[in-house]
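# Chains, contacts and geometry: an overview
Next come the chains, spelled out residue by residue.
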Amino acid sequence: MDLIVARNRTDLLKARGDGPVALVPTMGALHEGHRSLIREARARAAQVVVSIFVNPLQFGPHEDFSRYPRTFDADLEVCEVEGVDVVFAPSAEDMYAPDRQVSVRAGEMGRIVEGAARPGHFDGMLTVVLKLFNLVRPDVAVFGQKDAQQLAMIRRMVADLDLDIEIIGAPTVREPDGLALSSRNRYLSAPDRQVALALSRALAAGAERATPSKVLAAARAVLDEAGPALDLDYLVLVDPATFAEVDESHSGAAVLAVAARVGATRLIDNVVVSLGR
Ligand code: PAF
């Protein structure tokens, strides 16, 4: 079947099949990480819909909305190769009525960790994801573990608002040297990219330890070695479902999450750590 490109909600409605639908929400600039999400989706439903929409609501006033990479033609090729059935690529005007009033509030969980660094980000992200769920009406939706707090917030929204959608978290895809794939990696200069490797190295060092203080100390030591070229935003060890910081007695899974600025580029990464082994 040929790829259908739906540029508005009317076209989307026409393109939707009768069988199970899997949605992969994206902001475009598709890379190997997105391909892995699409493959997860493909394995789960008869029809795969990929949305491509750079959502203005989830960017702060001083963030990279205007310079966020937009590579629509290349994205369509990726979708074609991966056997996507429908690309939904609405305009901002089609998504948001000028007189809109109601939106999703992410709550306290949306104001900690990444939410503290990016006020309003999770409100905007959840608002667009809920709208995409309502427009596409998927049975399954696939998100990357790379944005671990985003994934946890979406699971929270699905539980709190009784949405009948299965949420799949797909593993982070990394370059051979460990750098987590991200659409923002293309902003990195060659020297910045070397500095950025400290993030995944720090997470790997932390994941070898089994108590919260040792995990954090091991990761912190690697980040410190990177020097002033790496401007650390946060390094936290949190509960995977609530993103509350874990205390020293915590055992079982925890997420070690890091955010840092390298040059003008803000990067995030995380790894699941097994504590109390
Ligand atoms: O992860 C992203 O690309 C975005 O936050 C999402 C989920 C597509 C919502 O705009």
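A brief look at the structure comes next.

Thresholds, definitions, all that
By convention here, each chain's residues receive numbers from 1 onward along its written sequence. Only residues with pLDDT of 70 or above have their local features reported here, since the model is predicted, and side-chain atom pairs are shown and tallied only from 80 upward, although totals for entire chains, interfaces and linings are computed over all residues. Think of the side-chain values as coming from all heavy atoms in the structure, minus any hydrogens and water. A cutoff of 4 Å decides nearness: a residue is near a molecule or strand if any of its heavy atoms lies inside that distance of it. As used in this structure description, the phrase polar contact means that two N or O atoms lie within 3.5 Å; if the pair is within protein, one of them must be able to donate a hydrogen and the other to accept it, and residues adjacent in sequence are counted only when both atoms belong to side chains. The Shrake-Rupley method, run with a 1.4 Å probe sphere, supplies the accessible areas, and residue values consider only the shown protein chains as cover. Runs of E in the DSSP output that reach at least two residues are strands. Runs of H or I that reach at least four are helices, and both are numbered from the N terminus. Polar here means any residue outside two lists: the nonpolar Ala, Val, Leu, Ile, Met, Phe, Trp, Tyr, Cys and Pro, and the charged Asp, Glu, Lys and Arg; Gly therefore counts as polar. Residue contacts follow a heavy-atom distance rule, with two residues in contact if any of their heavy atoms lie within 4.5 Å. Centres within 6.5 Å are what make two rings of Phe, Tyr or Trp a pair, Trp counting through its six-membered ring; a difference in plane orientation under 30 degrees is then read as stacked, over 60 as edge-to-face, and the rest as tilted. Each residue's exposure class comes from its accessible area (1.4 Å probe, protein chains only) as a fraction of the maximum for that residue type: buried when under 20%, exposed when over 50%, partly exposed otherwise.

Around the ligand, a shell composed of Pro-25, Thr-26, Met-27, Asn-55, Gln-58, Met-125, Val-128, Val-129, Phe-143, Asp-147 and Gln-150 is seen. Taking Gln-58, its side chain carries an N or O atom lying 2.6 Å from an oxygen atom of the ligand. Here Gln-150 contributes a side-chain N or O atom positioned 2.7 Å from an oxygen atom of the ligand. When the free accessible area of the ligand is taken as 290 Å², the share hidden by the protein chains comes to 89%. Elements represented by at least two residues in the shell around the ligand include exactly β2 (21-26) and α6 (121-136). With three residues, the single largest contributor to the shell around the ligand is α6. Considering only residue class, the shell around the ligand consists of six nonpolar, four polar and one charged.

To continue, consider the environment of Lys-146. Take Lys-146: it is sitting in the loop between β5 (140-144) and α7 (148-160). Separated by 111 residues in sequence, Lys-146 and Ala-257 have C-alpha atoms that sit 9.6 Å apart. If sequence neighbours within four positions are ignored, Lys-146 has contacts with Thr-172, Ala-180, Leu-181, Ser-182, Ile-268 and Asn-270. Within the structure, Lys-146 has its side chain in polar contact with the backbone oxygen of Ile-268 (distance 3.4 Å).

Looking now at the side chain of Gln-47. Here Gln-47 is to be found in strand β3 (residues 47-52). At 2.8 Å, the side chain of Gln-47 forms a polar contact with the backbone nitrogen of Gly-17. Not counting the four nearest positions on each side in its chain, Gln-47 is found in contact with Ala-15, Arg-16, Gly-17, Pro-20, Val-21, Ala-22, Arg-42, Asp-85 and Val-86.

Summed over the entire model, instances satisfying the criterion amount to four aromatic pairs. Residues Phe-53 and Tyr-96 carry aromatic rings whose centres are separated by 6.1 Å and whose planes lie at 50° to one another, so their mutual orientation is tilted. A residue pair is termed long-range when its members are at least 10 positions apart, and Phe-53 in the loop between β3 and α3 (72-81) and Tyr-96 in the loop between α4 (92-95) and α5 (114-117) qualify at 43 residues. Residue Phe-53 is classed as buried on the basis of its relative accessible area, which comes to 6%. Ring centres of Phe-59 and Tyr-68 lie 5.8 Å apart, and the angle between their planes is 75°; on these two criteria the pair is classed as edge-to-face. What makes Tyr-68 buried here is its relative accessible area of 7%.

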